[in-house]
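Structural features, examined
The lines below spell out each chain.
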Amino acid sequence: MDEPKKNTLKGVAAAPGISICNAYLYTKEIESVQDDFVSDVEEAKNNLRDALEKSKKELSKIFSLAVDKLGENRAAIFEAQMMILDDPVLIKNICLRIEKEKKLPEYIVDDEITKYQDLLKASHEPYMKERSHDIEDIKNRIIRNLKKKKWQSKIKDEVIVVTESITPADTVVFSRSNIKGYVTNFGGLTSHAAIVARSLNIPAVVGVHDAINKIEDNDIVIIDGFHGDVIVNPDEEQLAFYNEKIEKLQKYDSELLKIKDEPAVTLDGHKIELQGNLDLLDEIEYIIQSGAKGIGLVRTEQIFQEIDGFPDEEQQFAVYEDISEKIYPNVATIRAFDIGGDKVLPFDVKEPNPFLGWRGIRFLLDNLQLFKTQLRAMLKASSHKNISIMIPMVSSIKEVRRLKAVIDECKEELKKENIKFDKSIKVGIMIEVPSAAFMVKEYAEEVDFISVGTNDLIQYLLAVDRTNDIVSDQYQEFHPSVIRTLKYIFDECKKSKTKVSLCGEMAADILAIPLLIGLGLTSISSSPSALPYIKKVIRGIKYKEVKRIAEKCLKYKTEEEISEELRKFLQTHLIAETETIL
Ligand code: PEP
Ligand code: MG
């Protein structure tokens, strides 16, 4: 299909897959509140107590469902929500105000919790903004129970849910039904809706502006989670096109299953190391099942995101040891906390340009106690010799020397404490900042391995904020300057015999795979759901050929020429099924 038709809405492709189904408009009734007086203060306070109790019961039901469906780690978020219901300061405040102002409890609950939400919304951090949605959920829950309305705890089967935004509680309730896809007005790739949809393996397109006004209940909807397209009431041609795609995908999926245990090797015998990125602990099973050779990136700041404050050494050690044992004999590359930028900082700091600010290693070196706690936990978990340490956002050699000194200090401490660890543990850095890319030779001399973080490298190289949808079309992974920089990095690492890998989202784009391999990359780490597709592509190409394509692409001056070349290549050189996901 060339030109998108008028009934096609565009959003962010958040979880892969294609579904055709009736729309179910999940409009969460926002409970209205009246600024009215109560006649009996004691009765109002009793009402409040009952509503809090009821809300707690609902949440604990969601919590146990969440443990089942999503695992303990992700379920912890509901425990945090339940704690809000038990917050003595909040409850006392609400009761005092009911006594003093003699207003309806729902009015005061709304006012008190909204104040808290406003604080979160004012934050620059997308993560904090997302949390304000979760609080909305609790507020609505209490008010609904104050009004003695019923909880909608199950929804229709076999529908595509269209909604403004999805809270974690919604997703868990939905997971009890057979939902075929999600379309949301709000949310980006890092939203809960996206992360949970990926974990539950349900196609999702998020950030479709105004979706709930453009789609009506029972409309037939096609959702294409590969491209971020939502087609409303498709015509015959569109239906035929997507039905054929679904059929091809089903065949493709069974093909993928067949190569699960086969190596990631090109037709002419060029071996590629294929690893998975770990954002949620439960994804580890998927990484193992997909036949990946270890973990190229553990985003520790994501793994511990539900914990309030920083996890202590023991908490971290338990998680890292568990990862090490599960992935053994393969390696897990554990990245030190990459906080700052779009990831929440633990302190109340406001920065004018967080992406250019106190982020990654800059933050860690300024918070040595916290950094050392993490390093000690990683070292203690390294006794099986399958853990590597990776450091994000490096932008000077001095930082690398300092961080190595801190690691040595931790090793000395552990030696004195008679604690076992891998004495020759590998230490690597991420190349995400252009200045580091152009001095990669010097960095390579300092460390054991390099991992290219294209998500950040592209944003810094092209001066395009990776989270800003106004300029998202300028965020181009095939911009000529990006691929020339990658070529430079791979060549320099090869010359200095330093292992180089790539763990940005570019690795999950099958269009990029022939190019990256042709440019000389031999190790790839991607989000687990993309791993089977990547392996399929690798096994369908010849190194000799992709090298030639890469050379051609290096000469182009525009992004369009490069992506067109790659599209053509994949269409003509790979089995027809690949077209489905292109
Ligand atoms: C990257 O920048 O490419 C990367 C993998 O790190 P993150 O997406 O966590 O910033
Ligand atoms: Mg990064």
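The text that follows walks through the structure, step by step, so that each part is easy to find. In this numbering scheme, every chain counts its residues from 1 along its sequence in written order. The lettering of chains begins at A and the numbering of ligands begins at 1, in the order of writing. Where totals are concerned, whole chains, interfaces and linings use all residues; where local detail is concerned, this predicted model gives features only for residues with pLDDT of at least 70, and gives and counts side-chain atom pairs only at 80 or more. With hydrogens and water set aside, each side-chain value is computed from the structure's full complement of heavy atoms.

Another aspect to go through is the sheet that holds strand S5 (residues 181-184). We treat two strands as partners when DSSP finds at least two bridges between them. Only DSSP runs of H or I reaching four residues or more are called helices, and only runs of E reaching two or more are called strands; each is numbered from the N terminus. What the 8 strands build is an open sheet, ordered S1-S8-S7-S3-S4-S5-S6-S2; its pairing is mixed. Either end of the sheet is taken by a strand with one partner, and the two such strands are strand S1 (8-10) and strand S2 (12-15). Adjacent strand axes in the sheet meet at a mean angle of 30 degrees, parallel and antiparallel pairs treated alike. Bridge count for strand S7 (residues 220-224) against strand S8 (residues 229-232) is 4 bridges, and the pairing is antiparallel. Within S8, the position partnered with Val221 by the bridge is Val232. Only the contacting stretch of a helix is used when fitting its axis, a line to C-alpha atoms as for every element, and angles between N-to-C directions run 0 to 180 degrees.

We now examine the packing of helix H18 (residues 454-462) against helix H19 (residues 480-495). Where H18 meets H19, the axes come as close as 10 Å, and the angle between the chain directions of the two elements is 125 degrees. What the angle tells us is that H18 and H19 run oblique. Once H18 is placed against H19, the crossing between them reads as right-handed. Residues Thr454, Leu457, Ile458, Leu461 and Leu462 of H18 touch H19, and the partners they reach there are Ser481, Val482, Thr485, Leu486 and Ile489. Residue type decides the class: Asp, Glu, Lys and Arg count as charged, Ala, Val, Leu, Ile, Met, Phe, Trp, Tyr, Cys and Pro as nonpolar, and the leftover types, Gly among them, as polar. Considering only residue class, the contact of H18 with H19 consists of 7 nonpolar, 3 polar and no charged. Relative orientations are named as follows: roughly parallel for angles under 35 degrees, roughly antiparallel for angles over 145 degrees, roughly perpendicular for angles from 65 to 115 degrees, and oblique for any other angle. In this scheme the crossing of two helices becomes right-handed for a clockwise turn of the near helix relative to the far one and left-handed for an anticlockwise turn of less than a right angle. The criterion used for residue contact is that any of the two residues' heavy atoms lie within 4.5 Å.

Turning to the coordination of the magnesium ion (ligand 2), a few remarks are in order. Reference values for angles at a metal are 109.5 degrees in the four-donor tetrahedral case and 90 or 180 degrees in the six-donor octahedral case. Coordination shells were defined by N, O and S atoms within 2.8 Å of each metal, extended to 3.2 Å for Na, K and Ca; water is absent from the atom set, which can make sites look incomplete. On the protein side, the magnesium ion (ligand 2) has Glu432 (OE) and Asp456 (OD) as donor atoms, found 2.0 Å from it. With Glu432 in the loop between strand S13 (426-431) and helix H16 (434-438) and Asp456 in helix H18, the pair connects residues that are 24 residues apart, well separated along the chain. Judged by its relative accessible area of 2%, Glu432 is buried. For each residue, the accessible area found with a 1.4 Å probe, counting protein chains only, is set against the maximum for its type, and the residue is called buried under 20%, exposed over 50%, and partly exposed in between.

We now examine unusual backbone geometry. Note the cis peptide between Tyr328 and Pro329, where omega equals 5 degrees. By the secondary structure assignment, Pro329 is in the loop between helix H12 (313-327) and strand S11 (332-335). Unlike most non-glycine residues, Ala463 shows phi in positive territory, near 55 degrees. Along the chain, the position of Ala463 falls in the loop between H18 and H19. Ala463 gets classed as exposed once you look at its relative accessible area, which sits at 70%.

Another point: a positive patch on the surface. Residues Lys54, Lys57, Lys61, Lys150 and Arg176 make up a contiguous surface patch of positive charge. One can find Lys61 in helix H1 (residues 41-70). For Lys61, a relative accessible area of 42% gives the class partly exposed. Nonpolar side chains (Val, Leu, Ile, Met, Phe, Trp, Tyr) are joined into patches within 5 Å and like charges within 9 Å, using only residues with over 30% relative accessible area and no salt bridge. Residue exposure ignores everything except the shown protein chains as possible cover, and the areas themselves are Shrake-Rupley values with a 1.4 Å probe. A pairing counts as a salt bridge when a side-chain nitrogen of Lys or Arg comes within 4 Å of a carboxyl oxygen of Asp or Glu. For this count, His and the chain ends are skipped, Lys and Arg are scored as positive, and Asp and Glu as negative. Charge placement uses NZ in Lys and CZ in Arg. For Asp and Glu, CG and CD serve respectively.

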